[in-house]
Amino acid sequence: MATTAERLTQIDEQIGAAAAAVETDEGASPVLGAVVQELARKARKALDGLPDADDAGVRLSIVEVEQAADSAKAAVEADDGPSEQTRQAVLDAHLAICILKAKTA
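Quantities reported herein were computed from a predicted structural model and do not represent experimental measurements. (Residues numbered from 1 in each chain as written. Predicted model: local features only at pLDDT ≥ 70, side-chain atom pairs only at ≥ 80, totals over all residues. Heavy atoms only, no water.)

### Topic: the nonpolar core
One broad trend across soluble globular proteins is that nonpolar side chains are buried collectively.
Then, in step 1: Core analysis: the largest hydrophobic core is formed by 29 residues, its most contacted members being Ile 15 and Ile 97.
Then, in step 2: For this core, the elements supplying multiple residues, two or more each, are helix H1 (4-24), helix H2 (30-49), helix H3 (55-78) and helix H4 (84-103). (Core = buried A, V, L, I, M, F, W, Y, C linked by side-chain atoms within 4.5 Å. Buried < 20%, exposed > 50% of the residue type's maximum accessible area, 1.4 Å probe, protein only. Helix = DSSP H or I, 4+ residues; strand = E, 2+ residues; numbered from the N terminus.)

Structure representation (structure tokens):
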């Protein structure tokens, strides 16, 4: 069974891939790009803070990433421009952090 750090590392990579997909998708709006980049920053910050965080700090970091993922999900659903592949990458990243949050509850 993967540790929280290992799961968060995988999710960070998934979020990075979603951010890259949005960045290269000519149909994606600048707003979607900004929201997904913020999600990527939050995920990286959470991952970087894991070594020094206690259980409450880890949980708070995961909640912050999930909130940013909620915003990214809303943005991709509201944007008519991105490809289906880009849309799915953002939705999959959102789902991954939600699952992690549920497992750490």
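### Overview of H3
Then, in step 1: Under the 1.5 Å per step criterion, the end-to-end length of H3 is 35 Å for 24 residues, consistent within 8% with the ideal 34 Å.
Then, in step 2: Inspection of H3 places Val 58, Ser 61, Ile 62, Val 65, Glu 66, Ala 68, Ala 69, Ala 72, Ala 75 and Val 76 among the buried residues, and these make up the whole buried set.
Then, in step 3: Residues of H3 that are buried make contact with H1, H2 and H4. (Expected span 1.5 Å × (residues − 1). Contact = heavy atoms within 4.5 Å.)

### Here we look at the pattern of salt bridges
Then, in step 1: What the rule picks out here adds up to six salt bridges.
Then, in step 2: The closest approach of N and O atoms between Asp 12 and Arg 44, which form a salt bridge, is 2.2 Å. Of the two residues, Asp 12 sits in helix H1 while Arg 44 sits in helix H2, which places them 32 residues apart along the sequence.
Then, in step 3: On the basis of relative accessibility, which here comes to 10%, the residue Asp 12 falls in the buried class.
Then, in step 4: Taking relative accessible area as the criterion, Arg 44 reaches 39% and is therefore assigned partly exposed. (Salt bridge = Lys/Arg side-chain N within 4 Å of Asp/Glu carboxyl O.)

### Some thoughts on the environment of Asp 79
Then, in step 1: Within the element layout of this structure, Asp 79 appears in the loop between H3 and H4.
Then, in step 2: With relative accessibility at 10%, the residue Asp 79 sits in the buried group.
Then, in step 3: Separated by 12 residues in sequence, Asp 79 and Gln 67 place their C-alpha atoms 19 Å apart.

### As for the packing of H2 against H3
Then, in step 1: Between H2 and H3, whose axes approach to 9 Å, the crossing angle comes to 165 degrees. Classed by the angle they form, the pair H2 and H3 counts as roughly antiparallel. Handedness of the H2/H3 crossing: left-handed. Across the interface between the two elements, Leu 32, Val 35, Val 36, Leu 39, Lys 42, Ala 43 and Ala 46 of H2 pack against Ser 61, Glu 64, Val 65, Ala 68, Ala 69, Ser 71, Ala 72, Ala 75 and Val 76 of H3. (Axes fitted to C-alpha atoms, helices over the stretch in contact; angles between N-to-C directions. Parallel < 35°, antiparallel > 145°, perpendicular 65-115°, else oblique. Left-handed = near helix turned anticlockwise from the far one by under 90°.)

### Some thoughts on the side chain of Glu 66
Then, in step 1: Within the fold, Glu 66 resides in helix H3.
Then, in step 2: Look at Glu 66 and you get buried, because its relative accessible area is 12%.
Then, in step 3: Setting aside chain neighbours within four positions, we find Glu 66 in contact with Ile 97, Cys 98 and Lys 101.

Scope: geometric values only; no functional claims are made or implied.
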